[in-house]
Amino acid sequence: MDVAANISLVGLSLTSLCLYLAQIKPTGEKNKKESSSVESQSKLLTLQRIYLPAHLLALFSDWLQGPYVFQLYKYHGHGDKEIAVMFLAGYLSSCVFGTLTGPMADKYGRRCLGQVFCIICGLSCLTKISPNFYVLLFGRILSGVSTSCLYSVFESWYVSEHKSQDLPTADISSTLALITTANSVLAITAGLFSDFLVQGLSLGPLAPFIVAIPCLASGLILISLKWTENYGSKTSVLELYKEGAKIIWSNWPIMQIGIIQGLVESSMFIFVYLWTPTLSSGQEKIPLGKIFASFMLSIMIGSLIFRFLVKSATAQRILSLATLVFLSSTLVASQFASSSDSLSKYICYVAFLFIEISLGMYFPSIGTLRSNLVPGSHRSTIINLFRIPLNLLTVATLLAIKSGVVEDRRLVFGITSVFLTGACLVTYSIKVEEKKNK
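If you're wondering where the values come from, they're calculated on a predicted model, not measured in any experiment. (Residues numbered from 1 in each chain as written. Predicted model: local features only at pLDDT ≥ 70, side-chain atom pairs only at ≥ 80, totals over all residues. Heavy atoms only, no water.)

As for the overall build of the protein
A tally of helices and strands in the protein yields 19 helices and zero strands. Computed over C-alpha atoms, the radius of gyration of the protein comes to 21 Å, within 12% of the 22 Å expected from 2.2 N^0.38 for 438 residues, which places it in the range of a compact globule. By principal-axis analysis of the C-alpha atoms, the protein measures approximately 55 × 50 × 40 Å. In the protein, which comprises 438 residues, the proportion classed as buried is 56%. By element, 66% of the accessible surface of the protein is carried by carbon and sulfur atoms, the whole surface being about 17,900 Å². Taking the average location of the 34 positive side-chain charges in the protein and that of its 24 negative ones, the two points are 4 Å from each other. (Helix = DSSP H or I, 4+ residues; strand = E, 2+ residues; numbered from the N terminus. Rg over C-alpha atoms; globule rule 2.2 N^0.38 Å. Buried < 20%, exposed > 50% of the residue type's maximum accessible area, 1.4 Å probe, protein only. Areas by Shrake-Rupley, 256 points an atom, 1.4 Å probe, with all protein chains shown as cover. Lys, Arg positive; Asp, Glu negative; His and termini not counted. Charge placed at Lys NZ, Arg CZ, Asp CG, Glu CD.)

Printed below as a string of C-alpha cells:
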C-alpha cells in the first residue's frame, strides 16, 4: 500500500498542476474579459485576506486530526465497537447540540461563534491525551459541536460580509472554490505532516492533536483582531428555528438543497469512518498520512475541475456530476470492501480517490447554490437545520454497525449507495428551480 500511495501522490500532484496551469489566463485575455471593476477586485482581495487566514487555520487544525483519530483510539486500547460509540457520540452531538450553533451565530454573531469554535476544538484536542473512554467520549461530543461551527459559521460570515460590501455575487463561487482548493493543499500538508510526526519522529498518534492546539490559538487571535461582527436575525433561538424551518418548508429549492446535503454528507461521514478499517484490515501497518494526503489531492483536483466547468455550466449541473461520480465510486467500493486480498484493497483505494474528487466538485457547487437560495438573515440557522437529517442518517448507520445488525462493509457501502441514488435524483430535479432563482 505504501508504493500505491506514493504513486498516487505523484500522479495526482501532476494532474492537479496541469489543471491549475490550464486555467491561468494570458494577461491580455484577462484584461479583455475583466467583469468587475478594479475597485471591487481590490475590495474582494482585502476581504479574502481578512477571511482566509483564520478559516484556513481552523481547517488545518481539523485536518491534522483526521488521519489518526481512528488509530489514536486503537492506540489507547479501545475496540471497534467502542470506537463506533465515540464516532456515534460525535454525530449525535452535532445533531443535538451542534444545531444550536446556527441560530446562536445568527443571533449573537458569526465572529463570536468562530471564536467559540477555536476554544471548543482546542479542548477536544486536549481530551485526546487521556486513554479514559469517558474523557475521549466527552472530547468527541465537543468535536461534534465544533464541526457544526466550522461548516456553517465561517461560510455564513464570509457570504454576509461579501454581500454587505456590494461585491459581485458571481465572485462568491470563485472564493468558495478557492477555499476548497486551499483547503485541499492544507489537508495534504496536514496528512504528510501528521505522518512525519507519528512515523518519522515516532511521537505516536497523539502528536497531531497536540500540534493542532497552537493553530487554533492563532486562528482565535486572527478572528478576534481582524473580523468585524455580523449577524443574521436577532430574534430568540426558538423563533429562529421556527422561521428557518418555515423558510425551508415554503421554498422547495431550499428544501431540495437540504435533502441533497443530508444524503451526500451523511454518505461522506460514513465513508470517513469506513476508509481506515477497509484499507488496513489484514495489514499491520499502512501509511495513513500519505493515503490521507492523496485523498486531499483528489479533493483539490475536484475543486479545479469545478473552477473549469463553472465557466460554462451551472452549479446544479456540476453538482449532478459530483453526486453521480460519488455514487459510481461507492458502488465499486461496495463490491470489494470486505475482501482482504491486495487487489481488492487497491481497487477500493482507487474508488476512494474518485469519491474525494467528487467531493472536491460537490462543496463549491452546494455552497454556490446555498449562497443563491438561502436568505442571509437565517443562513447559519438553515445550514445547521440541514445538518440534522445528515447526522440522523449517519447515527442510524453507525448504530447498525455498533449493534452488529450491519457488520459487512460491503453492505454499509451499499446503504450509502441508496442515499446517493436519492441525491442524484433530487439534484437532477432542481435544474428548473435554480434557473428561476438566478
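Here's the deal with the confidence of the model for the protein
Residues of the protein with pLDDT of at least 70 account for 94%, and the chain-wide mean is 84. Of all secondary-structure elements in the protein, the lowest mean pLDDT belongs to helix α19 (residues 431–436), at 44, while helix α11 (residues 207–226) reaches the highest, 95. Below pLDDT 50 for its whole length, residues 432–438 participates in ten contacts with residues either more than four positions away or in separate chains. (pLDDT = per-residue confidence, 0-100. Contact = heavy atoms within 4.5 Å.)

Some points on helix α13 (residues 252–280)
The first and last C-alpha atoms of α13 sit 43 Å apart over 29 residues, in line with the 42 Å expected at 1.5 Å per residue. L274 marks where α13 bends most, by close to 40°; the proline P277 follows one to four residues later. Counting buried residues along α13, 25 of its 29 residues qualify, which places the element largely inside the surrounding structure. (Expected span 1.5 Å × (residues − 1). Bend = angle between axes of the 7 residues up to and from the residue.)

Brief notes about the environment of K234
Mapped onto the secondary structure, K234 falls in the loop between α11 and α12 (237–250). Given a relative accessible area of 54%, K234 falls into the exposed group.

Observations concerning the pattern of salt bridges
Under the defined criterion, the tally for this structure stands at three salt bridges. Linking E155 and R370 is a salt bridge whose minimum nitrogen-to-oxygen distance equals 2.7 Å. Here E155, found in helix α9 (residues 153–164), pairs with R370, found in helix α16 (residues 342–373); they are 215 residues apart in sequence, far enough to count as distant. A relative accessible area of 12% means that E155 is categorised as buried. In this structure, D408 and R410 form a salt bridge, with 2.9 Å as the shortest nitrogen-oxygen distance. The class for D408 is partly exposed, based on a relative accessible area of 28%. (Salt bridge = Lys/Arg side-chain N within 4 Å of Asp/Glu carboxyl O.)

Examining the packing of aromatic side chains
Under the definition given, this model contains 20 aromatic pairs. Aromatic side chains F271 and F352 sit 5.0 Å apart centroid to centroid with 70° between the ring planes, which places their arrangement in the edge-to-face category. Taken together, the residues span a long stretch of sequence, with F271 in helix α13 and F352 in helix α16 at a distance of 81 residues. F352 carries the same exposure label as F271, and that label is buried. Taken together, Y51, F117, F154, W157, Y158 and W227 form an aromatic cluster joined through their ring pairs. (Phe/Tyr/Trp six-rings, centres within 6.5 Å; stacked < 30°, edge-to-face > 60°.)

Some details on helix α10 (residues 170–200)
In this model, α10 (31 residues) spans 44 Å end to end at C-alpha, consistent with the 45 Å of a helix rising 1.5 Å per residue. Phi for S202, located one or two positions after α10, is positive at around 55°.

Considering the side chain of D195
Within the element layout of this structure, D195 appears in helix α10. Put simply, D195 is tucked away with no salt bridge, and the nearest opposite charge, on K290, sits 5.7 Å away. Side-chain polar atoms of D195 contact the side chain of Y68, separated by 2.5 Å. When near neighbours in sequence (up to four residues on either side) are disregarded, D195 contacts Y68, G200, P287, L288, G289 and K290. (Polar contact = N/O pair within 3.5 Å; in protein donor to acceptor, adjacent residues only side chain to side chain.)

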